[in-house]
Amino acid sequence: GISILLQVSSILVMFVWGMAIKYLENHSDELEEQMEKVEVLSLPILSLFFILVGLLMELDLLFEITFVTLAILYFVFRSAGKSFGAYVAVSNLDFSQSTRNNLPLCLLTQAGVAIGLASLSYTSLIGIGRQEDAFLIINIIGISVIIAELIGPFLVKKAIFRAGEATVGRE
(Lines give C-alpha, C1' and ligand atoms only; values in the text may rest on other atoms or scores of the structure.)
Protein backbone atom coordinates (compact mmCIF):
# COMPACT_ATOMS: atom_id res chain seq x y z
CA GLY A 1 0.00 0.00 0.00
CA ILE A 2 2.82 2.40 0.86
CA SER A 3 4.56 1.74 -2.45
CA ILE A 4 1.35 2.45 -4.39
CA LEU A 5 0.68 5.61 -2.39
CA LEU A 6 4.23 6.89 -2.95
CA GLN A 7 4.34 5.57 -6.54
CA VAL A 8 7.60 3.70 -5.98
CA SER A 9 8.72 0.14 -6.60
CA SER A 10 7.04 -2.33 -4.26
CA ILE A 11 10.12 -4.56 -4.43
CA LEU A 12 12.34 -1.69 -3.30
CA VAL A 13 9.95 -0.88 -0.46
CA MET A 14 10.09 -4.52 0.70
CA PHE A 15 13.90 -4.50 0.64
CA VAL A 16 14.06 -1.28 2.66
CA TRP A 17 11.43 -2.58 5.08
CA GLY A 18 13.40 -5.81 5.57
CA MET A 19 16.63 -3.87 6.16
CA ALA A 20 14.91 -1.62 8.71
CA ILE A 21 13.49 -4.59 10.59
CA LYS A 22 16.89 -6.32 10.58
CA TYR A 23 18.53 -3.16 11.96
CA LEU A 24 15.91 -2.86 14.69
CA GLU A 25 16.16 -6.59 15.44
CA ASN A 26 19.87 -6.23 16.17
CA HIS A 27 19.06 -3.57 18.79
CA SER A 28 16.09 -5.19 20.52
CA ASP A 29 15.85 -8.61 22.19
CA GLU A 30 12.04 -8.44 22.14
CA LEU A 31 11.95 -7.76 18.40
CA GLU A 32 14.41 -10.60 17.80
CA GLU A 33 12.00 -13.04 19.47
CA GLN A 34 9.10 -11.71 17.40
CA MET A 35 11.12 -12.00 14.19
CA GLU A 36 11.82 -15.67 14.92
CA LYS A 37 8.05 -16.21 14.97
CA VAL A 38 7.63 -14.29 11.71
CA GLU A 39 10.38 -16.32 10.02
CA VAL A 40 8.30 -19.45 10.58
CA LEU A 41 5.68 -17.89 8.30
CA SER A 42 8.15 -17.06 5.53
CA LEU A 43 8.33 -20.58 4.07
CA PRO A 44 4.58 -20.87 3.34
CA ILE A 45 4.50 -17.33 1.95
CA LEU A 46 7.49 -17.92 -0.32
CA SER A 47 6.04 -21.27 -1.38
CA LEU A 48 2.76 -19.59 -2.28
CA PHE A 49 4.60 -16.94 -4.30
CA PHE A 50 6.38 -19.57 -6.41
CA ILE A 51 3.19 -21.63 -6.75
CA LEU A 52 1.29 -18.59 -8.04
CA VAL A 53 3.99 -17.86 -10.63
CA GLY A 54 3.95 -21.53 -11.64
CA LEU A 55 0.18 -21.36 -12.14
CA LEU A 56 0.66 -18.51 -14.63
CA MET A 57 3.06 -20.51 -16.79
CA GLU A 58 1.86 -22.17 -19.99
CA LEU A 59 3.80 -25.36 -20.59
CA ASP A 60 2.58 -25.59 -24.20
CA LEU A 61 5.16 -22.91 -24.99
CA LEU A 62 7.92 -25.46 -24.28
CA PHE A 63 7.17 -26.97 -27.67
CA GLU A 64 7.55 -23.72 -29.62
CA ILE A 65 11.08 -23.24 -30.96
CA THR A 66 10.89 -19.44 -30.80
CA PHE A 67 9.93 -19.52 -27.15
CA VAL A 68 12.58 -22.09 -26.25
CA THR A 69 15.20 -20.02 -28.07
CA LEU A 70 14.16 -16.87 -26.19
CA ALA A 71 14.19 -18.70 -22.84
CA ILE A 72 17.66 -20.14 -23.47
CA LEU A 73 19.01 -16.77 -24.63
CA TYR A 74 17.54 -15.08 -21.56
CA PHE A 75 19.13 -17.73 -19.31
CA VAL A 76 22.53 -17.44 -21.01
CA PHE A 77 22.61 -13.64 -20.92
CA ARG A 78 21.27 -13.51 -17.34
CA SER A 79 23.94 -16.00 -16.27
CA ALA A 80 26.67 -14.12 -18.12
CA GLY A 81 25.60 -10.81 -16.58
CA LYS A 82 25.51 -12.23 -13.07
CA SER A 83 28.86 -13.96 -13.55
CA PHE A 84 30.52 -10.86 -14.97
CA GLY A 85 29.09 -8.65 -12.22
CA ALA A 86 30.20 -11.04 -9.49
CA TYR A 87 33.68 -11.37 -10.98
CA VAL A 88 34.14 -7.60 -11.29
CA ALA A 89 32.84 -7.02 -7.77
CA VAL A 90 35.13 -9.54 -6.10
CA SER A 91 38.08 -8.42 -8.22
CA ASN A 92 37.68 -4.85 -7.03
CA LEU A 93 37.29 -5.93 -3.42
CA ASP A 94 40.55 -7.87 -3.26
CA PHE A 95 39.01 -11.31 -2.80
CA SER A 96 41.07 -14.42 -3.37
CA GLN A 97 41.49 -15.87 -6.86
CA SER A 98 39.52 -18.91 -5.74
CA THR A 99 36.55 -16.74 -4.77
CA ARG A 100 36.78 -14.80 -8.05
CA ASN A 101 36.70 -17.99 -10.05
CA ASN A 102 33.97 -19.79 -8.14
CA LEU A 103 31.48 -17.17 -6.93
CA PRO A 104 29.82 -16.74 -10.34
CA LEU A 105 28.85 -20.42 -10.38
CA CYS A 106 27.23 -20.08 -6.98
CA LEU A 107 24.94 -17.23 -8.02
CA LEU A 108 23.14 -18.86 -10.93
CA THR A 109 20.38 -20.35 -8.80
CA GLN A 110 19.51 -17.02 -7.14
CA ALA A 111 16.31 -16.05 -8.93
CA GLY A 112 13.89 -14.62 -6.39
CA VAL A 113 14.23 -11.05 -7.61
CA ALA A 114 13.90 -12.15 -11.25
CA ILE A 115 10.64 -13.91 -10.44
CA GLY A 116 9.47 -10.94 -8.38
CA LEU A 117 10.16 -8.55 -11.25
CA ALA A 118 8.51 -10.93 -13.71
CA SER A 119 5.45 -11.04 -11.48
CA LEU A 120 5.40 -7.25 -11.21
CA SER A 121 5.80 -6.94 -15.00
CA TYR A 122 3.03 -9.48 -15.51
CA THR A 123 0.63 -7.53 -13.31
CA SER A 124 1.54 -4.22 -14.95
CA LEU A 125 1.20 -5.57 -18.49
CA ILE A 126 -2.12 -7.25 -17.73
CA GLY A 127 -3.30 -3.90 -16.34
CA ILE A 128 -2.64 -2.14 -19.65
CA GLY A 129 -4.12 -4.92 -21.77
CA ARG A 130 -0.94 -6.58 -23.01
CA GLN A 131 -1.75 -10.14 -21.93
CA GLU A 132 0.41 -11.80 -24.59
CA ASP A 133 3.52 -9.91 -23.49
CA ALA A 134 2.71 -10.61 -19.83
CA PHE A 135 2.49 -14.35 -20.44
CA LEU A 136 5.66 -14.32 -22.54
CA ILE A 137 7.68 -12.61 -19.80
CA ILE A 138 6.41 -14.77 -16.95
CA ASN A 139 7.04 -17.93 -18.99
CA ILE A 140 10.52 -17.02 -20.21
CA ILE A 141 11.67 -16.10 -16.73
CA GLY A 142 9.88 -19.07 -15.19
CA ILE A 143 11.56 -21.53 -17.56
CA SER A 144 14.91 -19.81 -17.01
CA VAL A 145 14.50 -20.27 -13.26
CA ILE A 146 13.64 -23.93 -13.74
CA ILE A 147 16.81 -24.40 -15.83
CA ALA A 148 18.87 -22.59 -13.19
CA GLU A 149 17.38 -24.67 -10.38
CA LEU A 150 18.09 -27.89 -12.27
CA ILE A 151 21.76 -27.21 -13.05
CA GLY A 152 22.54 -24.66 -10.33
CA PRO A 153 22.99 -27.06 -7.39
CA PHE A 154 25.53 -29.09 -9.39
CA LEU A 155 27.45 -25.91 -10.24
CA VAL A 156 27.40 -24.75 -6.61
CA LYS A 157 28.72 -28.13 -5.48
CA LYS A 158 31.45 -28.00 -8.13
CA ALA A 159 32.43 -24.45 -7.08
CA ILE A 160 32.57 -25.35 -3.38
CA PHE A 161 34.82 -28.34 -4.04
CA ARG A 162 36.95 -26.39 -6.54
CA ALA A 163 37.46 -23.66 -3.96
CA GLY A 164 38.60 -26.24 -1.43
CA GLU A 165 35.76 -25.40 0.95
CA ALA A 166 34.55 -29.00 1.02
CA THR A 167 36.11 -32.41 0.64
CA VAL A 168 34.72 -35.83 -0.19
CA GLY A 169 33.61 -37.54 2.97
CA ARG A 170 33.05 -34.36 4.96
CA GLU A 171 29.34 -33.86 5.64
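Definitions and limits used
Residues numbered from 1 in each chain as written. Predicted model: local features only at pLDDT ≥ 70, side-chain atom pairs only at ≥ 80, totals over all residues. Heavy atoms only, no water. Core = buried A, V, L, I, M, F, W, Y, C linked by side-chain atoms within 4.5 Å. Buried < 20%, exposed > 50% of the residue type's maximum accessible area, 1.4 Å probe, protein only. Helix = DSSP H or I, 4+ residues; strand = E, 2+ residues; numbered from the N terminus. Phe/Tyr/Trp six-rings, centres within 6.5 Å; stacked < 30°, edge-to-face > 60°. Contact = heavy atoms within 4.5 Å.

A. The nonpolar core, seen in detail. Grouped together as the largest cluster of nonpolar side chains are 10 residues: Val53, Ala114, Ile115, Ala118, Tyr122, Leu125, Ala134, Ile138, Ile141 and Val145. The set of elements that each furnish at least two residues to this core consists of α6 (112–127) and α7 (131–162). Top element by residues in this core is α6. It accounts for 5 residues. With 6 residues, the next largest nonpolar core counts Met57, Ala71, Ile140 and Ile143 among its residues.

B. Seen up close, the packing of aromatic side chains. Across all of its chains, the model carries 1 aromatic pair by this definition. Geometrically, the ring pair formed by Tyr122 and Phe135 is edge-to-face, given 5.5 Å between the ring centres and 75 degrees between the ring planes. Pair noted here: Tyr122 is in helix α6 and Phe135 is in helix α7, with a separation of 13 residues, a long-range link.

C. Quick peek at helix α5 (residues 97–106). If you check which residues of α5 are buried, you get Arg100, Asn102, Pro104 and Leu105. On its buried side, α5 packs onto α4 (65–92) and α7.

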